[in-house]
Amino acid sequence: MDAARARKLADRIQQVVAEMLERRIKDPRLGFVTVTDTRITPDLRDATVYYTVFGSEAERADTAAALESAKGIIRSEVGRQTGVRHTPTLTFSHDPLPDSARHLDELLAEARARDEEIAKKAEGAVHAGEADPYRRPDEDLEDGDDLGVEEPSERARRSAL
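Looking up the protein chain in an unreviewed UniProt entry gives the name Ribosome-binding factor A, with the organism given as Sphaerisporangium siamense. Here the protein chain is described in UniProt, under the heading Sequence similarities (unreviewed entry), as follows: "Belongs to the RbfA family."

Here it is, written out as C-alpha cells:
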C-alpha cells in the first residue's frame, strides 16, 4: 500500500480516537489521556495507538483497562469516519517516550549541578608549576642549541673529517 495513504489514515485514526476519548467515552477509569501517535501496518489491517497518561502507575493501569473495554466502540467509530473497506484492528500501547524524556532531563540537570560544583571548587585553584609551561622558540634558545639543530658550518666541518 502507498506509504502516504497509510500515514494519512494513521493521522485520521489518531484524530478520531482523540475525539472519542474526549467527548464520547465516559468511563470513570479513564485518566488524563493524550494520544501521541498512531502507526498502521502497510496492509492497513492493524493500527497501534500510542498514548500517555498523566498520573501514577495505578491510573495508567485503570486507563489501559478503560481503553481495552472501549476498543470496540472506538473501532466502529473509526470505521464509520474513515470509510475504508476493512476497519483496522486497534491496539492501545502506552508511549514510554515522555517518561524517557523526563528521565533524560533529570540526568542532564544532575550533570549541570555537578559541573557547577566542580567549577566552584576550581575558582580559586592555581596551576602546579609555572603558569605557562610551554617553551617558546624565541625564548632561551640561541642558534638552535637546545633543539639539536646544527649550524651549517658545523655540519660541513664534520663531513670533511
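Moving on, there is more to tell.
**Focus on the overall build of the protein chain**
Looking only at helices and strands, the protein chain has five helices and three strands in total. Across the protein chain, helices and strands are ordered from the amino to the carboxyl terminus as α-β-β-α-α-β-α-α. Residue burial in the protein chain is summarised as follows: out of 161 residues, 24% are buried. Pairs at least 24 apart in sequence give 59% of the contacts found in the protein chain among residues at least 6 apart. As displayed, the protein chain has an accessible area near 12000 Å², and 52% of this comes from carbon and sulfur atoms.

**A word on the pattern of salt bridges**
Pairing is possible between side chains of opposite charge, provided their charged atoms come close. Applying the stated criterion to the full structure yields 10 salt bridges. With a shortest N-O distance of 3.5 Å, Arg7 and Asp37 are connected by a salt bridge. You can see Arg7 sitting in helix α1 (residues 3–24) and its partner Asp37 sitting in strand β1 (residues 32–40), a full 30 residues away along the chain. Close ionic contact of Arg39 with Asp37 constitutes a salt bridge, the shortest N to O distance being 2.9 Å. The network of salt bridges with common partners includes Arg7, Asp11, Asp37 and Arg39.

**Some remarks on the nonpolar core**
Considering soluble globular proteins, one finds that nonpolar side chains tend to be buried as a cluster. Ranked by internal contacts, the top residues of the largest apolar core, which has 25 residues, are Ile13, Val17, Leu21, Ile40, Ile74, Leu90 and Phe92. Counting only elements with at least two residues in this core, the list comes to α1, β1, β2 (46–54), α2 (57–69), α3 (71–82) and β3 (89–94). Looking at this core, the element that brings in the most residues is α1, giving eight residues. Filtering out sequence-adjacent residues up to four positions away, Leu21 remains in contact with Leu30, Val33, Val35, Leu67 and Ile74.

**Here's the deal with the environment of Ala47**
Structurally, Ala47 is set in strand β2. Taking the C-alpha atoms as reference, Ala47 lies 6.0 Å from Thr89; in sequence the two are 42 residues apart. Setting aside chain neighbours within four positions, we find Ala47 in contact with Ile13, Thr38, Arg39, Ile40, Pro88, Thr89, Leu90 and Thr91.

Analysis parameters
Residues numbered from 1 in each chain as written. Predicted model: local features only at pLDDT ≥ 70, side-chain atom pairs only at ≥ 80, totals over all residues. Heavy atoms only, no water. UniProt positions renumbered as here; feature names shortened; annotations may be inferred. Helix = DSSP H or I, 4+ residues; strand = E, 2+ residues; numbered from the N terminus. Buried < 20%, exposed > 50% of the residue type's maximum accessible area, 1.4 Å probe, protein only. Contact = heavy atoms within 4.5 Å. Areas by Shrake-Rupley, 256 points an atom, 1.4 Å probe, with all protein chains shown as cover. Salt bridge = Lys/Arg side-chain N within 4 Å of Asp/Glu carboxyl O. Core = buried A, V, L, I, M, F, W, Y, C linked by side-chain atoms within 4.5 Å.

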